[in-house]
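Below are the chains, spelled out letter by letter.
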Amino acid sequence: MSMIENPLVSIIMNCYNGEKYLREALDSVLAQTYQNWELIFWDNQSTDQSAEIFNSFGDKRLKYFYASKHTKLYEARNYAIEKASGEFIAFLDVDDWWIPEKLKKQIPLFEDSGVGLVYGNYWFENGRKETRKIIYKKQLPSGRILNDLLKHYVVGLLTIVVRRQAFENLAFPFNSKYHIIGDFDLVIRIALSWKIESIQEPCAHYRWHENNESYKHQQLNIKEHEAWYAEMRKHSVISCMDGFNKQAIQINYLKAVISINNQNYLAAIKTFFRLPMSMEKIKLLISILLPKFLLNFLRN
C-alpha cells in the first residue's frame, strides 16, 4: 500500500433507540479483517437499552458519545464526524451490518490520491418478506461519475468510505437541513471534485423494515428532493449535465409510487403520464398500477 500503511478508519454509528439490531451491527464491525479502526457511537439521547448494549462490549476502539440534545439525523452525523480521528471515515447504522472483508477490500483503492470516496454493492434484506437480494445487478460505475450518479444513483451510505480530505474540502460535511437525502447530497458534492471507486460484490447488508426513516417519511423524501433540485438548477456545473434532468423524473416516479401505496390511483395515473417512456414506467404500469387500479374499479 503506497499510502500510509494501515491508516485509521473512523466508523460513524448514529443511534436513536436502536437496541433491536445493535448487537449485530457491532459484531460486524468487530469481525472486520481490517483491524485499524475506531467506532464513534453517537447516542442521540436514546431512551431504550442502546447505551447498555454498547457498553457491554469491551473493545477500547468503541467510543461512546452522548448527545447534549436530540437533533435531526444528519446534524447528529456531523457531530459524530467531529469526534473522528481517522484518515478515512465510514458509516454504519444500527440496523445494518457489514461483511468481514469490507474495509480490507475498500481501503487499498485509496492508493490513488485522486479517489475521494469508495462504495460498493450490498444486500437488500427485506424484513417483512424475509427475502434477500443483491441491490444492483449491473456494473457499478467508477471514476469521474457525477453524471452517472445524477442519472441513476447507486451509492448506499452503509457501503461508503470517505477520504477525510474530501470532507475538509467541502464547506460542510452533511447538509443538516436534510433528514432523508443528506447522504445523496454529500456524495454528489464529493463527485464534483473527486474520483469515486467501487467494489462490485456486496460488502454490506441493508435491512429494510417499517421503521426505516426513508420509509416512515416518504413525503419528506420527495419534499427534500424537490428542494435540492430547485437549488441545483442554479449550480453552474450540475445543472448543465444531461443526467440532471433525470432527477425531475425520479421525483415524479416517487410521487406515483406513494400515490399507489396510498390507494390514490387517479393521482398516480396523472403523475404516471408525466413520466417519459422507460423501463421503470412500464414496470410501474404492469406490475403495480394497472392491477390495483382495475381491482379498485371493480370493487366500486
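Residues numbered from 1 in each chain as written. Predicted model: local features only at pLDDT ≥ 70, side-chain atom pairs only at ≥ 80, totals over all residues. Heavy atoms only, no water.

## Some details on the overall build of the protein chain
Then, in step 1: Tallying secondary structure elements over the protein chain gives 12 helices and 9 strands in all.
Then, in step 2: When burial is assessed residue by residue, the protein chain has 50% of its 300 residues classed as buried.
Then, in step 3: Pairs at least 24 residues apart make up 75% of the contacts formed inside the protein chain by residues separated by at least 6 positions.
Then, in step 4: Summing over all exposed atoms, the protein chain offers an accessible surface of approximately 15100 Å²; the carbon and sulfur share of this is 52%. (Helix = DSSP H or I, 4+ residues; strand = E, 2+ residues; numbered from the N terminus. Buried < 20%, exposed > 50% of the residue type's maximum accessible area, 1.4 Å probe, protein only. Contact = heavy atoms within 4.5 Å. Areas by Shrake-Rupley, 256 points an atom, 1.4 Å probe, with all protein chains shown as cover.)

## Examining the pairing of strand β1 (residues 9-15)
Then, in step 1: Along β1, 7 of the 7 residues are buried, which leaves the element largely enclosed by surrounding structure.
Then, in step 2: Every second residue of β1 is oriented toward a common face, with Val9, Ile11, Met13 and Cys15 on one face and Ser10, Ile12 and Asn14 on the other, all of them buried.
Then, in step 3: Here 7 bridges tie β1 to strand β2 (residues 37-43), and the two strands are oriented parallel to one another. Within β2, the residue paired with Cys15 across the bridge is Asp43. (Pairing = 2+ DSSP bridges.)

## Some thoughts on the environment of Glu5
Then, in step 1: Relative to the elements of secondary structure, Glu5 occurs in the segment before β1.
Then, in step 2: Between the C-alpha atom of Glu5 and that of Pro108, which follows or precedes it by 103 residues, the distance is 9.8 Å.

Any functional reading would require information that these geometric values do not contain.
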